[in-house]
Protein chains: 2
Amino acid sequence: MATRDEVARLAGVSPSTVSYVISGRRTISEATKARVLAAMRELSYTPDAFAQGLAGSRRGILALHFPTSVDGYSSTEFEYVTAAMERARALGYHMLLWSNPMTDVMGLESLVGQKLVAGVLLMEVSINDPRFDVLRRAGIPFASIGRPDDSADLSYVDNDFAEAGRMAVDYLAGLGHQSIMYINVSVEDQDAGNGPAIRTARAISDAVRVQGMSMREVPVENNARGGRAALDAYLDLHPRPTAVLALKEFATAGFVNAAGMASLRIPENLSVIALGVGDRSAEMVAPALTTVAPPGEVVSHAAVDALVQKIEGSSQGAVQQLIAPLMTVRDSTGPAPR
Amino acid sequence: MATRDEVARLAGVSPSTVSYVISGRRTISEATKARVLAAMRELSYTPDAFAQGLAGSRRGILALHFPTSVDGYSSTEFEYVTAAMERARALGYHMLLWSNPMTDVMGLESLVGQKLVAGVLLMEVSINDPRFDVLRRAGIPFASIGRPDDSADLSYVDNDFAEAGRMAVDYLAGLGHQSIMYINVSVEDQDAGNGPAIRTARAISDAVRVQGMSMREVPVENNARGGRAALDAYLDLHPRPTAVLALKEFATAGFVNAAGMASLRIPENLSVIALGVGDRSAEMVAPALTTVAPPGEVVSHAAVDALVQKIEGSSQGAVQQLIAPLMTVRDSTGPAPR
DNA sequence: CTGAAAGCGCTAACAA
DNA sequence: TTGTTAGCGCTTTCAG
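About the thresholds
- Residues numbered from 1 in each chain as written.
- Chains lettered and ligands numbered in written order.
- Predicted model: local features only at pLDDT ≥ 70, side-chain atom pairs only at ≥ 80, totals over all residues.
- Heavy atoms only, no water.
- Core = buried A, V, L, I, M, F, W, Y, C linked by side-chain atoms within 4.5 Å.
- Buried < 20%, exposed > 50% of the residue type's maximum accessible area, 1.4 Å probe, protein only.
- Contact = heavy atoms within 4.5 Å.
- Pairing = 2+ DSSP bridges.
- Helix = DSSP H or I, 4+ residues; strand = E, 2+ residues; numbered from the N terminus.
- Axes fitted to C-alpha atoms, helices over the stretch in contact; angles between N-to-C directions.
- Least-squares fit on C-alpha atoms with pLDDT ≥ 70 in both.
- Buried area = accessible area lost by both parts, 1.4 Å probe.
- Salt bridge = Lys/Arg side-chain N within 4 Å of Asp/Glu carboxyl O.
- Polar contact = N/O pair within 3.5 Å; in protein donor to acceptor, adjacent residues only side chain to side chain.
- Near = heavy atom within 4 Å.
- Nonpolar A, V, L, I, M, F, W, Y, C, P; charged D, E, K, R; others polar.
- Domains from an automatic or database assignment.
- Expected span 1.5 Å × (residues − 1).
- Arc of directions from axis to C-beta.
- Phe/Tyr/Trp six-rings, centres within 6.5 Å; stacked < 30°, edge-to-face > 60°.
- Lys NZ or Arg CZ within 6 Å of the ring centre and 35° of its normal.
- UniProt positions renumbered as here; feature names shortened; annotations may be inferred.

Draft legend 1. The arrangement of the nonpolar core in detail. In terms of nonpolar packing, the biggest core is built from 55 residues, with A:V81, A:L121, B:V81 and B:L121 touching the most fellow members. Apart from the residues within four sequence positions on either side, B:L121 is in contact with B:A63, B:L64, B:H65, B:A84, B:A143, B:S144, B:I145, B:A303, B:V304 and B:L307. In this structure, A:F250, A:I266, B:V272 and B:M284 belong to the second largest nonpolar core, which totals 54 residues.

Draft legend 2. A look at the sheet that holds strand β2 (residues 94-98) of chain A. Read across the open sheet, the twelve strands follow the order β11(A)-β5(A)-β4(A)-β3(A)-β1(A)-β2(A)-β2(B)-β1(B)-β3(B)-β4(B)-β5(B)-β11(B); overall the sheet is mixed. For this open sheet the edge positions go to β11 (320-323) of chain A together with β11 (320-323) of chain B, each flanked by a neighbour on one side alone. Ignoring which end each strand starts from, the neighbouring axes of this sheet average 20° apart. Pairing between strand β1 (residues 61-65) of chain A and β2(A): five bridges, direction parallel. Bridge assignment links A:H65 to a residue of β2(A), and that residue is A:W98.

Draft legend 3. Representation of the relation of the copies chain B and chain A. In the superposition of chain B on chain A (RMSD 0.1 Å, axial shift 0.0 Å), the rotation amounts to 180°. On the angle and the small slide along the axis, the relation comes out as a two-fold axis. Of the interface residues in chain B, 100% have counterparts in chain A that sit at the interface too, so the contact is made through matching surfaces.

Draft legend 4. Geometry of the interface of chain B and chain A. On the side of chain A, 52 residues touch chain B, which itself brings 52 residues to the contact. Each partner contributes to the roughly 4,900 Å² buried at the junction of chain B and chain A, and carbon and sulfur atoms together form 67% of this total. Contact with chain A buries surface across chain B, with B:F50, B:F78 and B:M284 losing the most and accounting together for 18% of the total. If you look at where chain B meets chain A, you find two salt bridges. For the pair chain B and chain A, the number of links is 14 residue pairs in polar contact (both at pLDDT 80 or more). Mapped by element, the contributors of at least two residues to the side of chain B that touches chain A are α4 (49-55), α5 (75-90), β2 (94-98), α6 (105-113), α12 (249-261) and α13 (279-282) of chain B. It is α5(B) that provides the largest number of residues to the side of chain B that touches chain A, a total of seven residues. Two strands pair when backbone bridges link them, and β2(A) and β2(B) are joined in this way by three bridges, in the antiparallel orientation.

Draft legend 5. Molecular detail of the protein's contact with DNA strand C. Surveying the vicinity of DNA strand C reveals 25 residues, the closest of which are A:T17, A:R26, B:R4, B:S19 and B:Y45. Contacts to DNA strand C include A:S14, whose backbone N or O atom sits 3.0 Å from a phosphate oxygen. Where the surface near DNA strand C is concerned, the elements lending two or more residues are α2 (15-23) and α4 (49-55) of chain A together with α2 (15-23) and α4 of chain B. A class-by-class count of the residues in the surface near DNA strand C yields nine nonpolar, eleven polar and five charged.

Draft legend 6. Expanded view of the domain arrangement of chain A. Structurally, chain A comprises domain 1 (2-54), domain 2 (59-157 + 295-323) and domain 3 (160-293). Of note, the centres of domain 1 of chain A and domain 3 of chain A, computed from C-alpha atoms alone, are 59 Å apart.

Draft legend 7. Seen up close, helix α14 (residues 296-312) of chain A. Residues and elements named next belong to chain A. Compared with an ideal rise of 1.5 Å per residue, which puts 17 residues at 24 Å, α14 spans 24 Å between its outermost C-alpha atoms and is within 8% of the ideal. Listed in full, the buried residues belonging to α14 are G296, V299, S300, A302, A303, V304, A306, L307 and V308. Looking at the packing, one finds that the buried side of α14 touches β1, α5 (75-90), β3 (119-122), β4 (142-145), β5 (156-159) and β11. The positive-phi residue at the C-terminal boundary of α14 is G313, with phi of around 60°.

Draft legend 8. Spotlight on the sheet that holds strand β7 (residues 214-219) of chain A. Residue and element names in this part refer to chain A. Read from one edge to the other, the open sheet built from six strands follows the order β7-β6-β8-β9-β10-β12, with strand pairing classed as mixed. Each end of this open sheet is capped by a strand with a single partner; those strands are β7 and β12 (326-328). Here the average twist between neighbouring strands, direction ignored, is 20°. Bridging between strand β10 (residues 290-293) and β12 involves three bridges; their strand directions are antiparallel. Each residue of the ladder has a partner; that of V292, found in β12, is M327. Contacting β6 (179-184), β7 and β8 (243-246), helix α11 (residues 224-236) runs over the sheet at an angle of about 155° to β6. Where helix α12 (residues 249-261) meets the sheet, it contacts β6, β8 and β9 (271-275), and its direction lies at approximately 165° from that of β9.

Draft legend 9. Main features of the side chain of B:R59. For B:R59, the position within the fold is in the loop between α4 and β1 (61-65). A distance of 2.6 Å separates a polar atom in the side chain of B:R59 from the backbone oxygen of B:G53. When neighbours within four sequence positions are excluded, B:R59 is seen to be in contact with A:D48, A:F50, B:G53, B:L54, B:Y93, B:K115, B:L116 and B:A118.

Draft legend 10. Inspection of the protein's contact with DNA strand D at higher detail. Lining the immediate environment of DNA strand D, one finds 25 residues, of which A:R4, A:Y20, A:Y45, B:T17 and B:R26 sit closest. Within the backbone of A:R4, a nitrogen or oxygen atom sits 2.6 Å from a phosphate oxygen of DNA strand D. A distance of 3.0 Å is found between a phosphate oxygen of DNA strand D and a side-chain nitrogen or oxygen belonging to B:T32. Sorting the residues of the surface near DNA strand D by element identifies α2 and α4 of chain A together with α2 and α4 of chain B as the ones contributing at least two each.

Draft legend 11. Main features of helix α7 (residues 131-138) of chain B. All names here are of chain B. Of the positions making up α7, those classed as buried are R131, F132, V134 and L135. All buried residues of α7 project into a common sector of 160° when viewed along the axis, lining one side. Of the surrounding elements, those touching the buried residues of α7 are β1, α6, β3 (119-122) and β4 (142-145). Of the residues flanking the end of α7, it is G139, one or two places downstream, whose phi is positive at about 70°.

Draft legend 12. Geometry of the packing of aromatic side chains. Going through the model one piece at a time under the given rule, you end up with eight aromatic pairs over all chains. Here the aromatic cluster, defined as three or more aromatic residues joined through ring pairs, consists of A:F66, A:F78, B:F66 and B:F78. For A:R280, the ring lying beneath its charged end belongs to B:F250, and the centroid distance is 5.0 Å. The ring of B:Y93 has B:R58 sitting right over it, with the charged end atom 4.6 Å from the ring centre.

Draft legend 13. Examining the environment of B:A282 more closely. Residue and element names in this part refer to chain B. Relative to the helices and strands, A282 is located in helix α13. Residues A282 and A253, 29 residues apart in the sequence, show an inter-C-alpha distance of 8.6 Å. Dropping the residues within four chain positions of it, A282 is found in contact with V277, A288, L289, T291 and R330.

Draft legend 14. Highlighting the UniProt feature "domain: HTH lacI-type" (unreviewed entry) in chain A. According to UniProt, the positions carrying the feature "domain: HTH lacI-type" (unreviewed entry) are residues 2-56 of chain A. Across residues 2-56 of chain A one finds 67% helix and 0% strand; the C-alpha atoms that close the span lie 20 Å apart.

Draft legend 15. Seen up close, the pattern of salt bridges. All names here are of chain B. Scanning all chains against the criterion turns up 32 salt bridges over all chains. Of the charged contacts, one joins R137 and E109 as a salt bridge, the two residues approaching to 3.1 Å between their closest N and O atoms. Here R137, found in helix α7, pairs with E109, found in helix α6; they are 28 residues apart in sequence, far enough to count as distant. When its relative accessible area of 34% is taken as the criterion, E109 is described as partly exposed. Ionic pairing is found between R136 and D133, a salt bridge with its closest N-O pair at 3.6 Å. Taken together, the positions of R136 and D133, both in helix α7 and three residues apart, correspond to about one turn of that helix. Relative accessible area serves as the criterion here: at 37%, R136 is assigned to the partly exposed category.

Here's what the structure looks like:
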């Protein structure tokens, strides 16, 4: 691989001139610029990222912290990752996928201490997430997809759970449903401070109250077994709710499939709305799930934008944004049975 | 952030001594080692990754090239990514997720030219993948999950499609099935050189011949619509096969769901085996899919190991490994109807 | 408009 | 067992 000095020699200019035609931080005559560019192409020169990082301040890598999860990942979550990646690329950054456990505070400190990355984007943020303190103390730019409870000075992008809950409940109310069941994440997850679960529960119970409906909440694990457990819980309810709101896609699929086995007909006997589930997952299930979810790329894009703004100092203060959900009516919802 | 020189000063040693206690490339007396370690902790020192990369040879980052796909990603594919990430971390490397289109040869050249990454791991490899030439020419270590046709000198880890096809067909034969339909990827994907599709088709048709069975092949897009199209094709067949082998999870789910709508009973009327589909996806569908697939982490782990061996020169020659599939019998297979 | 030169924070060869 | 020093390939200030 050619170095900058070789390019300079070939072009008959000083090394710094080569740097300046690349960075554009100095006006260069068209003539020399052309010669330098030609030399660069001739030697197929690409600046060494480590040398650039050491000498300058610009570090062209973002870290995306996607903590390991026991439940595994859904394609919905993956959509966030790929969208973030694409946005980072569009803005001229590489994306380092970092998946240490959320509690690995030391690991995070060390990642940041290496100064490898220009900023950190956090995913799977909990209500009282320990990572914010670490990052704040380290003085590195960061932003998050999701937010903790104390988020006054933070840059984040999050789903508008309040709106999503209301939208789902209002839609069901419009179909004549009076009583719903909410399939929540497991109690352990709730205790761990799962923001989406907590905020969604709040939004739903508010909306239910406004509509004068009733609601039961059932916590289950996010897998097929959890879905079956939710169905068992449902069957034990008297009277049975006519609609179900569910948060996680594996549990939701499990519930719907178990309902089918039990000869419950969706949506004739029972309507189901999946919250926060992406299109592909919604269509893997029969009947295809009606969903209320934010467009995944919008969230990721906004979050990457917020992080980059912090890094490049192109904005003062924190960027805080709630992304409005979209409702996609598919085949799992219908009028309340009478 | 503290630098190495500050640590040295605090510990009362020379800067290089600090480096040597970190790298262990020199024997240091217990006394000074202890003092240096203490100073490092006191200043919470972490070596600067860019300085290390520039000065030394070791660049602690691997790139995982996961090309963007129009069909979106399944959770099965994501499992490969997360498993690779975990393995990289275990071996002391960071993982850069790189998702430029597969045809972006210049982008790949530039990534490599930056010398940011110590090696590249390729995913979604096609039969005549252009990336290998680029990497070979650049002289950078690389390995792949999947393999091209001309793979003599390459390091790769791939699924053992021949074995998978045989395993699936033999199992169906044992259940008395005589005639099967194979849901392949789209013709465009096949033309693009989709290795898994091509090798699986070959394996199945070989196994079918050996068993004296008959087979029909139907190419569809990997989404719910494709699955429905596959069902239409199935219903047009006379006589209808009693078993279906399918390659992609969204299409498979679409097929199974459409079959349910058409009152085809699985597995009573029709058995379905999903090839290469992960457990979570298999259980999102009703009935849960019998699968033949390699353990995803095994593939990724082996591939990362192969790459790191190339980087660290700890092995001569190419590492080539086919991972044996596992069959998980769930609810979508049963005896052939009579 | 362009060049010279001082680092950035390390690794590793050389010297003791 | 430890210290000294020459780079690694760039960015950017200081000088023309």
